[in-house]
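Analysis of the macromolecular model
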Amino acid sequence: MHEFPATTPLHLVVRLSSGAVEVTAEERGSATVEVQPGDDRDASRDLAERTSVELRGDTLSVVTPSDSGGLLRRSGSVRIDVRVPVDGTVEVKAASADTTCRGRYARATVDSASGQIFVEHVTGAAAAHAASGDIRLIRVDGDLTVSGASGDVRADQAGGRVEAKLSSGDLQIGEAASDVLAKTASGDVHVGAAARGAVQVSTASGDVRVGVRAGTGVWLDLSTVSGRTSNGLDMTGGVAGEGHQLSLQLRTVSGGIDVHRVG
């Protein structure tokens, strides 16, 4: 166990190859780091012992060395548990590891090749990438950038601009307060509630669903080649494109499009 005095928010940097990292941001006057082997193999115990933990200025770094297991044996894995003061920044880069960030952060960046990502609350900008793992964010007050190959992405609350590029994963935004720009090859895209800005979605074979807040003026541009389009909005209140707060540009080839009102 490593413990450092910390009365102000820190910048946390974590680098690991395999295993899991869990970060908790809370009201506290110190930072603690615990590194344990991910299993009972010698390679994991060795990797845990060689993991570097260091605080320089306001930057806390936790770095596992490069561990190439070779063709005949698996590389080791570690489990990293970190507790830091609330409202700091976190930056995690992992090859094959799950990342969990609980609490509140000023900014968050998580990059994982194959692992699940969970982030609870970011008051500023957030970025997450997972090639084959799912991404889950509860609340991001600033801009959000996400990308992935085969994993699903879900963000319950997005306060800023959302940019998403996915291959075969689904994208779900619960409540979007600003622009949403999403591109996916075969995944579904669902925006639960939108009220302002622009929602631009392009997908080949996925379905697109967008909920529009009641009382919101909308400009529509919907296109699907072989899918079904459903528009549940009342379009009798004025001329399209005049006085609207929200514009929807939704494109899909074989998927369906559904636009509807929400409370």
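The following paragraphs examine the structure supplied in this document. Keep in mind that what you see is a predicted model, and the values were worked out from it rather than measured. (Residues numbered from 1 in each chain as written. Predicted model: local features only at pLDDT ≥ 70, side-chain atom pairs only at ≥ 80, totals over all residues. Heavy atoms only, no water.)

Together, D134, D152, D170, D188 and D207 make up a negatively charged patch on the protein surface. Residue position: D170 is located in the loop between strand 14 (162–166) and strand 15 (171–176). According to the relative accessible area criterion, D170 is partly exposed, its value standing at 31%. (Patch = residues over 30% accessible without salt bridge, like charges linked within 9 Å, V, L, I, M, F, W, Y side chains within 5 Å. Areas by Shrake-Rupley, 256 points an atom, 1.4 Å probe, with all protein chains shown as cover. Salt bridge = Lys/Arg side-chain N within 4 Å of Asp/Glu carboxyl O. Lys, Arg positive; Asp, Glu negative; His and termini not counted. Charge placed at Lys NZ, Arg CZ, Asp CG, Glu CD. Helix = DSSP H or I, 4+ residues; strand = E, 2+ residues; numbered from the N terminus. Buried < 20%, exposed > 50% of the residue type's maximum accessible area, 1.4 Å probe, protein only.)

Once that is clear, we can look at the environment of R28. With respect to the helices, strands and loops of the structure, R28 is situated in the loop between strand 2 (11–26) and strand 3 (30–37). As a C-alpha pair, R28 and D111 span 83 residues in sequence and 27 Å in three-dimensional space. The contact partners of R28, leaving out residues within four places of it in the chain, are A6, R83, V84 and P85. Among the polar contacts listed, one links the side chain of R28 to the side chain of E26, at a separation of 2.7 Å. Side-chain polar atoms of R28 contact the backbone oxygen of S30, separated by 2.6 Å. (Contact = heavy atoms within 4.5 Å. Polar contact = N/O pair within 3.5 Å; in protein donor to acceptor, adjacent residues only side chain to side chain.)

What follows concerns the side chain of T216. In this structure, T216 sits in the loop between strand 19 (208–213) and strand 20 (218–224). A polar atom in the side chain of T216 sits 3.0 Å from the backbone oxygen of R213. For T216, the residues in contact, after removing those within four places along its chain, are A195, Q245, L246 and R261.

For strand 2 and strand 6 (residues 78–85), the ladder comprises eight bridges, and the chain directions are parallel. Of the residues in strand 6, the one forming a bridge with G19 is V78. Bridge count for strand 3 against strand 6 is six bridges, and the pairing is antiparallel. Of the residues in strand 6, the one forming a bridge with P37 is V78. (Pairing = 2+ DSSP bridges.)

On to the side chain of S112. For S112, the position within the fold is in strand 8 (residues 107–112). When its relative accessible area of 0% is taken as the criterion, S112 is described as buried. Here the side chain of S112 touches G115 through a polar contact of 3.4 Å, landing on its backbone nitrogen. Leaving out residues up to four positions away in the same chain, S112 has contacts with A94, A97, I117, H129, A130 and A131.

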